[in-house]
Amino acid sequence: MNSKKICIVSAQYLPHTGGVENYVANLSRELASRGHAVTILTSCNGKTVQTEELEGVEIIRLPSLQLMNGRFPFLKSGRALRTFTKEFRERKFDLMFVNVRFYWLSLYAVRLAEKMKVRCILMDHGSSHVNTGGRLTTKLGEWYEHILTALEKRYCKEFACVSREGTRWVRHFGIQTDTDLPNAVFVDRFEAMKSAPTRDFRAEYGIPENAKVIAFVGRLTVEKGIRELADAFARIGREDVWLLAAGEGYLREELESRQIPNLRFVGRIPLDEVVSLLVQSQIFCLPSVSEGFPTSVLEAAICKCYVITTYCGDAKEIVKSPAHGIILPDNNSNGLYDAIVSVLDRQEHRANAAELCYREVVENYTWERTADRLLSLMEAEETKT
């Protein structure tokens, strides 16, 4: 395939961290490494358009209000945006790849793609509405998402999802698609980090050598299920079992105030330290209520942790059977407790399951394969025309 010009849109991007940000960064790196010209369109907290180039990828940051502690960038209208839009419309992209429906930058991008007469794919990363932790705010969020999606459908007719579960979920908005572009890992990069750990969590927290460590990696929010996991862990009450939670969020203060023995919060940590944590853990638990294709499950599998997670999203494409790990129907704390206790003292079973998940990731969920799928979509459309 000849070199393509691809604009990838993401309302949030590095150094802000999260599953979508990592997805965009890794896919961009893979495409750029193959000689394709990649531009990332994202947001910044400022009054001017900011541009930079990292690892062969152009990054353009548009002025935005950073609402909800930066979780919800809201595109600023004004002279800077109008000037940028006028100049940007002259570019000749082969594809506008827009990530996540519920940001104003996404609506701006799909409208811009239509004006530029550029093929546009709107990419979904979830499998349910966002749970904000409050009944009223969650319901308001649902209404907002339906309204914005209806507007986006006026300008974009092609959709994809990060998971097969997502392709079923978006039917809720009247969107029909069978295209999934799954999350993935760079296998060689992870193997290198596994062989050279950068942090010893067991030594830092005084965890005995024979103790078992359960790891959680994700935002400390309602939708990630950290509260239910803490409840389940508190019931276990064994001195030889620890829970290390990596991430930040509004539930941290509440959970720390409970002073649950052997539960430690390590904060938000970079990828190399996440790998160190997972390598030093026996079990990984992510009891989410809303996921697409969770990055942390992929990372846990490549680090050969035994995985316990919930049915939402496409983690079940890796944890395919009870021989691979445990997929719970929901994140009820009683079910979590039973699941964890059932495997704590079954070392051989955990090791065999972890090996099965590892092979599944290595064979099917690499960035090389996901980039191939996106480029194949582009090539198939060119063949039609």
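Further up the page is the structure itself.
Our subject in this report is the structure included herewith.

Cut-offs applied
- Residues numbered from 1 in each chain as written.
- Predicted model: local features only at pLDDT ≥ 70, side-chain atom pairs only at ≥ 80, totals over all residues.
- Heavy atoms only, no water.
- Helix = DSSP H or I, 4+ residues; strand = E, 2+ residues; numbered from the N terminus.
- Rg over C-alpha atoms; globule rule 2.2 N^0.38 Å.
- Buried < 20%, exposed > 50% of the residue type's maximum accessible area, 1.4 Å probe, protein only.
- Contact = heavy atoms within 4.5 Å.
- Areas by Shrake-Rupley, 256 points an atom, 1.4 Å probe, with all protein chains shown as cover.
- Lys, Arg positive; Asp, Glu negative; His and termini not counted.
- Charge placed at Lys NZ, Arg CZ, Asp CG, Glu CD.
- Pairing = 2+ DSSP bridges.
- Right-handed = clockwise from strand over helix to strand, strands pointing away.
- 1 Å grid on protein atoms, 1.4 Å probe; cavity = no way out; pocket = protein on both sides within 12 Å on 5 of 7 lines; lining within 4 Å.
- Points joined across faces, edges and corners; volume = space filled by probe spheres on them.
- Patch = residues over 30% accessible without salt bridge, like charges linked within 9 Å, V, L, I, M, F, W, Y side chains within 5 Å.
- Salt bridge = Lys/Arg side-chain N within 4 Å of Asp/Glu carboxyl O.
- Polar contact = N/O pair within 3.5 Å; in protein donor to acceptor, adjacent residues only side chain to side chain.
- Core = buried A, V, L, I, M, F, W, Y, C linked by side-chain atoms within 4.5 Å.
- Expected span 1.5 Å × (residues − 1).
- Axes fitted to C-alpha atoms, helices over the stretch in contact; angles between N-to-C directions.

## What to know about the overall build of the chain
Argument step 1. What the chain contains, in helices and strands, is 14 helices and 14 strands.
Argument step 2. For 385 residues, the compact-globule estimate of 2.2 N^0.38 gives 21 Å, and the C-alpha radius of gyration of the chain, at 21 Å, lies within 12% of that figure.
Argument step 3. The dimensions of the chain, computed from C-alpha atoms along their principal axes, are 65 × 45 × 35 Å.
Argument step 4. Going through the 385 residues of the chain one by one, you find that 56% of them count as buried.
Argument step 5. Within the chain, contacts between residues separated by at least 24 positions form 68% of all contacts whose residues are at least 6 apart in sequence.
Argument step 6. Total accessible area on the chain is roughly 17300 Å²; 49% of this is exposed by carbon and sulfur atoms.
Argument step 7. The average position of the 50 basic charges and that of the 50 acidic charges among the side chains of the chain differ by 7 Å.

## Here's the deal with the pairing of strand S6 (residues 95-99)
Argument step 1. Across the five residues that make up S6, a large majority, five, are buried.
Argument step 2. Of the two faces of S6, both are covered, the one formed by Leu95, Phe97 and Asn99 as well as the one formed by Met96 and Val98.
Argument step 3. In this sheet, strand S7 (residues 120-124) lies alongside S6 in parallel orientation, the contact comprising four bridges. Across the sheet, residue Asn99 finds its bridge partner in S7, namely Met123.
Argument step 4. Handedness of the crossover joining S6 and S7 through helix H3 (residues 104-116): right-handed.

## Looking at the layout of surface pockets
Argument step 1. Of the voids in this model, the second largest pocket is the one considered here, and its volume is about 300 Å³.
Argument step 2. Together, 13 residues line the second largest pocket, and Leu75, Leu81, Thr85, Tyr108 and Arg111 are the ones closest to its centre.
Argument step 3. Sorting the residues of the lining of the second largest pocket by element identifies strand S5 (72-75), helix H2 (79-88) and H3 as the ones contributing at least two each.
Argument step 4. It is H3 that provides the largest number of residues to the lining of the second largest pocket, a total of six residues.

## A few points about the environment of Ile318
Argument step 1. With respect to the helices, strands and loops of the structure, Ile318 is situated in the loop between strand S13 (306-310) and strand S14 (326-328).
Argument step 2. Relative accessible area serves as the criterion here: at 0%, Ile318 is assigned to the buried category.
Argument step 3. In this structure, Ile318 is in contact with Phe293, Val297, Leu298, Ala301, His324, Cys357, Glu360, Val361 and Tyr365, ignoring residues within four places of it in sequence.

## Brief notes about a nonpolar patch on the surface
Argument step 1. A surface patch of nonpolar side chains, amounting to about 270 Å² of accessible area, comprises Leu65, Leu67 and Met68.
Argument step 2. Structurally, Met68 can be placed in the loop between strand S4 (57-67) and S5.

## As for the side chain of Lys212
Argument step 1. Relative to the elements of secondary structure, Lys212 occurs in strand S9 (residues 212-217).
Argument step 2. Setting aside residues up to four positions removed in sequence, Lys212 forms contacts with Arg202, Arg238, Asp240, Val241, Trp242, Gln282, Leu344, Asp345 and Arg350.

## Some thoughts on the side chain of His125
Argument step 1. Structurally, His125 can be placed in the loop between S7 and helix H4 (135-155).
Argument step 2. Engagement of the side chain of His125 in a polar contact is seen with the side chain of Asn99, the distance being 2.8 Å.
Argument step 3. Non-local contacts of His125, meaning those with residues more than four positions away in its chain, are made with Val20, Tyr23, Asn99, Val100, Val162, Glu291 and Gly292.

## What to know about unusual backbone geometry
Argument step 1. The amide bond that connects Leu14 to the next residue, Pro15, takes the cis arrangement and shows omega of 15°.
Argument step 2. Note that Pro15 resides in the loop between strand S1 (5-10) and helix H1 (19-33).
Argument step 3. Of note in this structure, Val100 is not a glycine but carries a positive phi near 75°.
Argument step 4. You can see Val100 is positioned in the loop between S6 and H3.
Argument step 5. If you check the backbone angles, Gln259 has positive phi at about 50° while not being a glycine.
Argument step 6. Tracing the backbone through its elements, the reader meets Gln259 in the loop between helix H9 (252-257) and strand S11 (263-267).

## Details of the nonpolar core
Within soluble globular proteins, side chains that are nonpolar tend to cluster in buried spots.
Argument step 1. Core analysis: the largest hydrophobic core is formed by 130 residues, its most contacted members being Phe88, Met96, Phe97, Phe284 and Ile308.
Argument step 2. Examining the composition of this core, we find that eight residues originate from one element, H3, more than from any other.
Argument step 3. The residues contacting Phe88, other than those within four sequence positions of it, are Cys7, Leu41, Ile60, Phe93, Met96, Leu112 and Met116.

## Observations regarding H1
Argument step 1. The first and last C-alpha atoms of H1 sit 21 Å apart over 15 residues, in line with the 21 Å expected at 1.5 Å per residue.
Argument step 2. Where burial is concerned, most of H1 is hidden: eleven out of the 15 residues are buried.
Argument step 3. Among the residues making up H1, those that are buried are Val20, Glu21, Tyr23, Val24, Ala25, Asn26, Leu27, Ser28, Glu30, Leu31 and Ala32.
Argument step 4. Once H1 ends, the next one or two residues include Gly35, with phi positive near 95°.

## Focus: the sheet that holds S14
Argument step 1. Taken in spatial order, the six strands of this open sheet run S11-S10-S9-S12-S13-S14, and their pairing is parallel. Single-partner strands in this sheet number two, and they are S11 and S14. Adjacent strand axes in the sheet meet at a mean angle of 20° when their direction is disregarded.
Argument step 2. Inspection of the sheet shows S9 paired to strand S12 (residues 283-286) by two bridges, in the parallel sense. By the bridge assignment, Ile214 is partnered in S12 with Ile283.
Argument step 3. Its contacts with the sheet put helix H8 (residues 226-236) on S9, strand S10 (241-246), S11 and S12, and the angle it makes with S10 is roughly 165°.

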